[in-house]
Amino acid sequence: MANFNCFFQSLSKIAIGLIFILFGMGAVISGFTVLPLFGFLLAVPLFYLAWYFIRVNLNRQCEIEG
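Parameters and conventions
Residues numbered from 1 in each chain as written. Predicted model: local features only at pLDDT ≥ 70, side-chain atom pairs only at ≥ 80, totals over all residues. Heavy atoms only, no water. Helix = DSSP H or I, 4+ residues; strand = E, 2+ residues; numbered from the N terminus. Contact = heavy atoms within 4.5 Å. Phe/Tyr/Trp six-rings, centres within 6.5 Å; stacked < 30°, edge-to-face > 60°. Expected span 1.5 Å × (residues − 1). Buried < 20%, exposed > 50% of the residue type's maximum accessible area, 1.4 Å probe, protein only. Arc of directions from axis to C-beta.

Let us look at the side chain of Lys13. Within the secondary structure, Lys13 sits in helix H1 (residues 2–33). Once residues lying within four places of it in the same chain are set aside, the contact partners of Lys13 are Phe53, Ile54, Val56, Asn57 and Leu58.

Inspection of every chain in the model, using the stated rule, returns 5 aromatic pairs. Taken together, a centroid distance of 5.3 Å and an interplanar angle of 85 degrees make the contact between Phe32 and Phe40 edge-to-face. Counting every residue linked through ring pairs, the aromatic cluster contains Phe20, Tyr52 and Phe53.

So, on to helix H2 (residues 36–55). With 20 residues, H2 ought to run about 28 Å at 1.5 Å a step, and its terminal C-alpha atoms sit 29 Å apart, in line with that. When we look at burial in H2, the residues that qualify are Gly39, Ala43, Leu46 and Ala50. All buried residues of H2 fall inside an arc of 80 degrees around its axis, so they share one side. Turned more than 90 degrees from where H2 packs its buried face, Leu37, Leu41, Val44, Tyr48, Trp51 and Arg55 sit exposed.

Structural data, given as structure tokens:
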């Protein structure tokens, strides 16, 4: 059962990370086209959040097994 929960945890972490990456890429594109300073300043925290959500272990049991 723990492997089943860890699978959904890793799937949700990757999905949330990819959403933040997509928002970050949108901010970078916006930084090149519409709002130069604001787009780049918004992209940096979004990419950090993506990295954080992909790397973090939300469940202690998954951290031990994985």
